[in-house]
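These are the residues of each chain, in order.
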Amino acid sequence: MFDYNFHWRPVLKSLPDLIEAGMVTLQVAVLAMACGIVIGLGLALIRLHMRGPLRWFASAWVELARNTPALFQLFFFGFGLGAFGWHLSPYTIVLAGLTFNCAGYLAENFRGGFQAVPDTQIRAARSLGMTSVQTYLRIVIPQVLRIVYHPITNQMVWAVLMSSLGMMVGFRELSGETQFFASRSFRIFEYFAVTAVIYYAIVKIILGASRLMALRLFRY
Amino acid sequence: MNDTIHFFSGFRPADMVFLAEAAWRTLLVYGVSIFLGTVIGTICGWLLFEGRLLAAATLSPVLDIFRSVPLIIQLVLFYNFAPIVGLNLDPFASGVVILTVYTAALVANVARGGIEAVGRPMRRAARSLGMSYWQDLRYVVLPIGGRAVFPAWVGVALGVMKDSALVSVLGYVELLKASQILITRTQEPFLILSLAGAFYFALSYPISRYAAKLQQRWAQ
C-alpha cells in the first residue's frame, strides 16, 4: 500500500528560492495591509459621516469585498479589467486584489471601532478647544487603534494566506514559486509540504511579533 | 480587423446552463462540507472545552495548523497525498475532505466560545435540578451558547462559502472554474465574471445582513 519514495533533495536544493519567494509573499501582504488600512480608514469615515454618491461608493466597495470570494476579486483584477484594455502584471493583480479585500474587511472593523468611542468624548474634546482634526488624531484614533489592533493582526494573517491565490494568476510568490518547482520535478507533495511549513512559520512569526508589539504599545 | 479568423464564439444561452450547473456544484461541495464541518467542529469544540490541558496539548495545535496554512496549499497537499497512501479520491471528494476539516478547525473555536459563554452557575443550576450531563448540554448549553455564537458561525459559514471557490485548483469545475473556461472561449471576461460574482454576492449578502440583524436583536 505504501510504495511511494519521498524525495526531499530537490526541495532542499530550492529551499533558498522558496524562502526568497516567502519574502515576496510577506512583502505583498504587508504592502496590501498598509494600503488597506489607509483606504479602510477612509471608507469607514465616509460611511459614518457622509451621504450621497461617495457613501454609495464606499458601501459598494465594502459589501463587494466582503461578499465575494477573494479568488473572484483577483480574477476580476486579472481578467475582468482586461476587457477594458487594462492589463496588469501578476504582482499588481495580487496587490490590487488583496488591497481591495483587506480595505473592505478593515473598513467594517474600523467602523465598529469608531462607534465604540463615546460621542461625549468628542464633544468634550471640542469644548476644550481642539479642532475636529485634533480630536480625531489625539482622542478618537488612538482608542480605535487599540480596539482594532487584534482584528488588524488577524487580517494581516489572512492577507498572507490569501496571497497564496497569486498562484492562480501566475504570480511567483511562495505558492506560485512552489508550483513552478513542483511542476518541474513532479515532487508535488514534497514541495507543497515544505511550503506549508514556511507559511505556518510566517503566520506564527506575525502573531508573535504582534503580541510583542502589543506589550510595547499598550503598556498603559 | 474584420479579416481575422474567429476562433472564439460568443456567449450563448446554453452557457448559462453550464454556469448554473457549475453553481450547483459549488453549492453541493459547500453544503456537504459545511454540514460535516459544523458537526465535527462542534465535537472538537466540546473536546477543547472538556479536555483542558490534554486537548490544549494535542487537538488545538492540529486545528491551528489548518488555520495557519493557506487552504489552497492544503487542497493541493491532500490531493497529492491521498494516492500515496492508496486512496484514489476524485476532486469532489478531496475538496469535501479538506473543506470539512478546514471548517471544523474554524468551528471548533466558535463552539468552544459558545460553551464558555454559558456561565458556570447556570450549568450547576441545571445539574442540581436533576439534569444529566447530556441533558444539561442539550437543553441548556446548546440553546444559550448556540445563540451567543450564532453570528460567529454564520461568519465562518460565509467565509467557507467564498473559500470553496478554491476547490477549482483540483480541477473540480465549480462556478469560478466554469467562468474561467467560458472566458477562454468567449473572450468576454467582464460579463462572465460579473455573473459569477453576482451569484456569490446574491448568496452571501442577504445572509450576512440577516445575521447582523439577528445579532442586533439578540444584543438588546
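Conventions adopted
Residues numbered from 1 in each chain as written. Chains lettered and ligands numbered in written order. Predicted model: local features only at pLDDT ≥ 70, side-chain atom pairs only at ≥ 80, totals over all residues. Heavy atoms only, no water. UniProt positions renumbered as here; feature names shortened; annotations may be inferred. Helix = DSSP H or I, 4+ residues; strand = E, 2+ residues; numbered from the N terminus. Contact = heavy atoms within 4.5 Å. Buried area = accessible area lost by both parts, 1.4 Å probe. Salt bridge = Lys/Arg side-chain N within 4 Å of Asp/Glu carboxyl O. Polar contact = N/O pair within 3.5 Å; in protein donor to acceptor, adjacent residues only side chain to side chain. Buried < 20%, exposed > 50% of the residue type's maximum accessible area, 1.4 Å probe, protein only. Lys, Arg positive; Asp, Glu negative; His and termini not counted. Axes fitted to C-alpha atoms, helices over the stretch in contact; angles between N-to-C directions. Parallel < 35°, antiparallel > 145°, perpendicular 65-115°, else oblique. Nonpolar A, V, L, I, M, F, W, Y, C, P; charged D, E, K, R; others polar.

(A) Main features of the UniProt feature "transmembrane region" (unreviewed entry) in chain B. The feature "transmembrane region" (unreviewed entry), as annotated in UniProt, sits at residues 27-49, 95-118, 139-161 and 190-207 of chain B in this numbering. Its end C-alpha atoms 30 Å apart, residues 139-161 of chain B is made of 100% helix and 0% strand.

(B) A look at the interface of chain A and chain B. The partner chain B presents 32 residues to the 36 residues of chain A that form the contact. Regarding the contact of chain A and chain B, the summed buried area is about 3200 Å², with carbon and sulfur atoms giving 79% of it. By the criterion of area lost to chain B, the three top residues of chain A are Asn67(A), Pro69(A) and Phe189(A), representing 18% of everything that side buries. Our count for the contact surface shared by chain A and chain B stands at one salt bridge. In this structure, Asp64(B) engages Lys204(A) in a salt bridge whose closest nitrogen and oxygen atoms are separated by 2.5 Å. Here chain A is connected to chain B by five residue pairs in polar contact (both at pLDDT 80 or more).

(C) Region of the structure containing the side chain of Asp163(B). Looking at the secondary structure, you find Asp163(B) in helix α6 (residues 133-163). For the buried residue Asp163(B), which engages in no salt bridge, the nearest side chain bearing the opposite charge is Lys162(B), 7.7 Å off.

(D) A look at the UniProt feature "domain: ABC transmembrane type-1" (unreviewed entry) in chain B. Taking the UniProt record as the reference, the feature "domain: ABC transmembrane type-1" (unreviewed entry) is found at residues 23-211 of chain B. Split by type, residues 23-211 of chain B is 84% helix and 0% strand. Its first and last C-alpha atoms lie 23 Å apart.

(E) Structural detail: the UniProt feature "transmembrane region" (unreviewed entry) in chain A. Residue and element names in this part refer to chain A. Here, the residues flagged by UniProt with the feature "transmembrane region" (unreviewed entry) are residues 24-48, 69-88 and 191-214. Between the first and last C-alpha atoms of residues 69-88 the distance is 20 Å; the span itself is 45% helix and 0% strand. As a span, residues 191-214 carries 100% helix and 0% strand, and end to end its C-alpha atoms are 35 Å apart.

(F) Spatial organisation of the packing of helix α2 (residues 15-49) of chain A against helix α8 (residues 174-185) of chain A. Residues and elements named next belong to chain A. Two elements in contact, α2 and α8, have axes whose closest approach is 7 Å; the angle formed by their N-to-C orientations is 150 degrees. By the angle class used here, α2 and α8 are roughly antiparallel. Along the contact surface, α2 presents Asp17, Leu18, Ala21, Gly22 and Thr25, while α8 presents Leu174, Glu177, Thr178 and Phe181. Looking at the contact of α2 with α8 residue by residue, the classes come out as four nonpolar, three polar and two charged.

(G) Layout of the UniProt feature "domain: ABC transmembrane type-1" (unreviewed entry) in chain A. Per the UniProt record, "domain: ABC transmembrane type-1" (unreviewed entry) is found at residues 22-207 of chain A. Each end of residues 22-207 of chain A is marked by a C-alpha atom, and these two atoms are 16 Å apart; helix forms 81% of the span and strand 0%.

(H) Quick look at unusual backbone geometry. Positive phi, close to 65 degrees, is recorded for Phe186(A), a residue that is not glycine. Mapped onto the elements, Phe186(A) comes out in the loop between α8 and α9 (188-217). Looking at Phe186(A), the relative accessible area reads 62%, which means it is exposed. Within the chain, Arg52(B) stands out as a residue other than glycine whose phi angle is a positive 45 degrees.

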